[in-house]
Amino acid sequence: MIPYSRQSIAQEDIDHVLAVLQSDFLTQGPWVPGFESILADYCDCPHAVAVNSGTSALHIACLALGLQPGDALWTTPMTFVASANCARYCGANVDFVDVNAETGNMDLELLEHKLVRTRYSGTLPKIVVPVHFAGHPCDMKTLFRLGEEYGFKIIEDASHALGADCEGTKVGDARHAHITVLSFHPVKMITTAEGGAAMTRHEELAQKMRMLRTHGITKDAELLTNPDEGAWYYEQQMLGYNYRLTDLQAALGVAQMGRLNSFLEKRRLLAKRYREKLSGLPLALPTDNDQASWHLYRIGLSMCGKSRKDTYDHLREKGYGVQVHYYPVHLQPYYRALGFKPGQFPEAEGFYEDGLSIPLYPDLTFEEQDAFIAALTEWVEG
Ligand SMILES: Cc1ncc(COP(=O)(O)O)c(C=O)c1O
């Protein structure tokens, strides 16, 4: 089966992990700070806090920004559930802003209308979570300006977008967000198996998130209330979690970061080839974008007269593991039980109904891609 996405593992990844297995520390050794410093340099951001998943990064980001019961967090329905769930972990309420039908990203005009309406009749959000769908960056400058005007903080969910460029700077630099979250799940831009990071330019947020990822504990002499107790001493100063990344994972991450630029180059090349070879078919193709990280290549099927379900089943039968991103979050039973209903976010619902993610990952060969294109063309024209 040719999947829609998969990790790329080379001998250097294996060597890095083996080196940790043969060392003194499997966790809490030198690799996590090493990985953090590579991430921070790559993204040109002063602080990277590595954790055991993108979901954990979203959770501690919400906590560091003080999200509490009764507060509101707004995000997009066209995302993985974690972008919304992080608010529920804090007891806060979730609401959604519909997406732009072309990009699948939060529609910032709709956001502004909702902010105007809500200013007079409801609770403005404490946090807004944009998502760079498929690795196509949102307009973060406009969002940041709205944040200043309406007083909300921004957690940028860049789980799909490590390595993407946004107006001349790297996604992950957190210039137009309070915290930017990355995920290193196997299908993402790099992998640590499970893993994630929270990037920030604010020293106090980084310090808080470092404590939150390890039970709320610090050993930093400058932060201890009782620094003379002894060299063994640590303090728990808040309620935190065990969200630590292991050294095994961080070592894999270091090796993967060494190949991130070549991963990006290949993804961008494959995306260009899809555009060239599929543009004659009645399909909606994503906007050409050399700045995107191309985590996914999503096509829209509504013009071709074939149902998404039949297309999915047919291509799977032929050995192509196409996928669907995403069943809109507000339609998940958990969110329906909170009061959300079909029809509330029609653009996201339409984007879901007609969308299919087709194979795109660094190790996909041109021959494999061409064979998939032939199978898709035959189906669409048949
Ligand atoms: C947009 C988005 N946000 C958050 C996450 C959660 O990341 P993780 O799987 O590393 O917890 C994902 C992962 O699929 C994602 O796609």
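Here the structure is a predicted model, which is why all the values come from computation and not from measurement.

**Some points on the overall build of the protein chain**
- Scanning the protein chain from N- to C-terminus turns up 13 helices and 15 strands.
- What you see for the protein chain is a C-alpha radius of gyration of 21 Å, in line with the 21 Å of a compact globule of 382 residues.
- Taken over the C-alpha atoms alone, the protein chain extends approximately 80 × 60 × 40 Å along its principal axes.
- Relative to its 382 residues, the protein chain shows a buried fraction of 54%.

**Topic: the nonpolar core**
- Ranked by internal contacts, the top residues of the largest apolar core, which has 45 residues, are Ile155 and Ile179.
- Only strand S2 (47-51), helix H3 (54-64), helix H4 (82-89), strand S4 (93-96), strand S5 (127-129), strand S9 (179-183), helix H7 (203-212) and helix H12 (346-354) provide two or more residues apiece to this core.
- Per-element accounting of this core gives the leading share, six residues, to H3.
- When residues of this core are sorted by domain, at least three fall in each of domain 1 (2-257) and domain 2 (260-381).
- Among the nonpolar cores identified, the runner-up in size contains 29 residues, and Cys43, Cys45, Ala250 and Val254 belong to it.

**A look at the site of the ligand**
- The full set close to the ligand counts 16 residues, and Gly54, Thr55, Asp157, Ser183 and Lys188 are the nearest of them.
- At a separation of 2.5 Å, an oxygen atom of the ligand approaches a polar side-chain atom of threonine 55.
- For the ligand, whose free accessible area comes to 390 Å², the fraction covered by protein is 92%.
- Residue assignment for the shell around the ligand shows that the elements contributing at least two residues are H3 and H4.
- Sorting elements by how many residues they give to the shell around the ligand places H3 first, with three residues.
- Residues belonging to the shell around the ligand are distributed by class as follows: five nonpolar, nine polar and two charged.

Cut-offs used in this document
Residues numbered from 1 in each chain as written. Predicted model: local features only at pLDDT ≥ 70, side-chain atom pairs only at ≥ 80, totals over all residues. Heavy atoms only, no water. Helix = DSSP H or I, 4+ residues; strand = E, 2+ residues; numbered from the N terminus. Rg over C-alpha atoms; globule rule 2.2 N^0.38 Å. Buried < 20%, exposed > 50% of the residue type's maximum accessible area, 1.4 Å probe, protein only. Core = buried A, V, L, I, M, F, W, Y, C linked by side-chain atoms within 4.5 Å. Domains from an automatic or database assignment. Near = heavy atom within 4 Å. Polar contact = N/O pair within 3.5 Å; in protein donor to acceptor, adjacent residues only side chain to side chain. Areas by Shrake-Rupley, 256 points an atom, 1.4 Å probe, with all protein chains shown as cover. Nonpolar A, V, L, I, M, F, W, Y, C, P; charged D, E, K, R; others polar.

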